[in-house]
Amino acid sequence: MGISGIIIASLLSCLGQLCQKQAACVPSGSAGRHRAWLWLFVALVAMGLGLLVWLVVLQSVPVGLAYPMMSLNFIWVSLAAHWIWGERLTRRHWLGILLIILGIILLNGGV
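Criteria and thresholds
Residues numbered from 1 in each chain as written. Predicted model: local features only at pLDDT ≥ 70, side-chain atom pairs only at ≥ 80, totals over all residues. Heavy atoms only, no water. Phe/Tyr/Trp six-rings, centres within 6.5 Å; stacked < 30°, edge-to-face > 60°. Helix = DSSP H or I, 4+ residues; strand = E, 2+ residues; numbered from the N terminus. Buried < 20%, exposed > 50% of the residue type's maximum accessible area, 1.4 Å probe, protein only. Salt bridge = Lys/Arg side-chain N within 4 Å of Asp/Glu carboxyl O. pLDDT = per-residue confidence, 0-100. Disulfide = S-S within 2.5 Å.

Engineer: How would you explain the packing of aromatic side chains if you had to name every residue and give the values?
Structural biologist: Given two aromatic rings, one states the distance between the centres and the angle between the planes to describe the pair. For the structure shown, the criterion picks out 1 aromatic pair. For the pair W54 and Y67, a centre-to-centre distance of 6.4 Å together with 65° between the ring planes defines the contact as edge-to-face. Here W54, found in helix α2 (residues 30–58), pairs with Y67, found in helix α3 (residues 63–69); they are 13 residues apart in sequence, far enough to count as distant. When its relative accessible area of 13% is taken as the criterion, W54 is described as buried.

Encoded structure:
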């Protein structure tokens with residue numbers, strides 16, 4: 001399950017984080033509370049599935065190689081927040097994304 005498993009686990013974790021943010025942005029009130037709970041439920045399911053995939057990944061990939069790749073979460077969440085909520089990505093963000101990508105490449109032997 002190697003690299004594809006790592007990407008799936010990372011994307012599920014990202015989905016969970018985004019759903020948590022969406023739950024926090026739901027307006028107050030009775031209907032809002034129900035929507036917030038729904039977003040939190042989806043977040044828990046996504047993160048739980050991500051954890052299960054991660055456990056399968058760790059059976060075949062050394063943690064020293066797999067774990068640094070989970071920093072892809074920072075990239076996915078930053079890009080999704082920009083596209084979904086219009087959060088601003090500064091030059092510093094883009095530099096950080098570039099450094100994360102370079103770090104992943106270096107740690108995984110120049111994939």
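Engineer: Can you break down the pattern of salt bridges residue by residue, with the values?
Structural biologist: The full count for this structure, using the stated rule, is 1 salt bridge. One salt bridge in this structure joins K21 and E87, with 3.7 Å as the shortest N-O distance. With a gap of 66 residues between them, K21 in helix α1 (residues 2–25) and E87 in the loop between α4 (72–85) and α5 (91–107) connect regions that are remote in the sequence.

Engineer: Go over the confidence of the model for the protein chain, please, and point to the residues and values.
Structural biologist: Across the protein chain, the average pLDDT comes to 90, with 97% of residues at 70 or higher. Mean pLDDT across the elements of the protein chain ranges from a minimum in α3, with 86, to a maximum in α4, with 93.

Engineer: Describe the state of the cysteines, listing the residues and the values that go with them.
Structural biologist: Under the criterion given, the structure shown has 0 disulfides. No disulfide involves C14; its nearest neighbouring cysteine sulfur is the one of C19, lying 9.2 Å away. Relative accessible area serves as the criterion here: at 6%, C14 is assigned to the buried category.

Engineer: Break down the environment of H34 for me, citing the residues and quoting the values.
Structural biologist: In this structure, H34 sits in helix α2. It is 9.7 Å that separates the C-alpha atoms of H34 and A23, two residues lying 11 residues apart in sequence.

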